[in-house]
Amino acid sequence: QVQLVESGGGLVQAGGSLRLSCVASGRTFSSYAMGWFRQAPGKEREFVAWISGNGGSTYYTDSAKGRFTISRDNAKNAAYLRMNSLTAEDTAVYYCGAGLVLSQAPRLYTYWGQGTQVTVSS
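Rules of the game
Residues numbered from 1 in each chain as written. Predicted model: local features only at pLDDT ≥ 70, side-chain atom pairs only at ≥ 80, totals over all residues. Heavy atoms only, no water. Buried < 20%, exposed > 50% of the residue type's maximum accessible area, 1.4 Å probe, protein only. Helix = DSSP H or I, 4+ residues; strand = E, 2+ residues; numbered from the N terminus. Pairing = 2+ DSSP bridges. Salt bridge = Lys/Arg side-chain N within 4 Å of Asp/Glu carboxyl O.

### Considering the pairing of strand β8 (residues 78–83)
Line of reasoning, step 1. Counted residue by residue, β8 has five buried out of six residues, so it is predominantly covered.
Line of reasoning, step 2. By the bridge criterion, six bridges tie strand β3 (residues 18–24) to β8 in an arrangement that is antiparallel. Bridging across to β8, Arg19 finds its partner in Arg82.
Line of reasoning, step 3. Joining the antiparallel neighbours strand β7 (residues 68–73) and β8 is a turn of four residues, in which Asn77 adopts a positive phi near 50 degrees.

In structure tokens form, the structure reads like this:
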């Protein structure tokens, strides 16, 4: 059983940056791939990025590539999403998930945080 808690969301102007954090309470954090997803009002949950358990591999959706960086610090049981050059289209609730496979599909993630709101003003 893993509990995940996101933080770091907030209101930021277009062009600005935020770093989201996801802290896990489980004891086997490094066994899980971590993914970041977002969900805007009226839309499906959307994949943003994943990172493998040891941090050796990452993958980004096209809209995030070059702007966002996913990372993790297993010693701190934490995963991060650095978001740069934010636009209004990035406005969403951002969720971190933990899973046993590397996937873009929300259904393949076992554990989820409660989400943190990111609002980009235009």
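Past the structure itself, the notes keep going.
### Structural notes on the pattern of salt bridges
Line of reasoning, step 1. According to the stated counting rule, one finds four salt bridges in the structure shown.
Line of reasoning, step 2. The salt bridge involving Arg38 is made with Glu46; its shortest N-O contact spans 2.9 Å.
Line of reasoning, step 3. Among the ionic pairs, Asp90 bridges to Arg67, the shortest N-O distance being 2.8 Å. Of this pair, Asp90 sits in the loop between β8 and β9 (92–99) while Arg67 sits in the loop between β6 (58–60) and β7; the two residues are 23 residues apart in sequence, bridging distant segments of the chain. Judged on exposure class, the residue Asp90 and its partner Arg67 are both buried.
Line of reasoning, step 4. When salt bridges that share partners are traced, they join Arg38, Glu46, Arg67 and Asp90 into one network.

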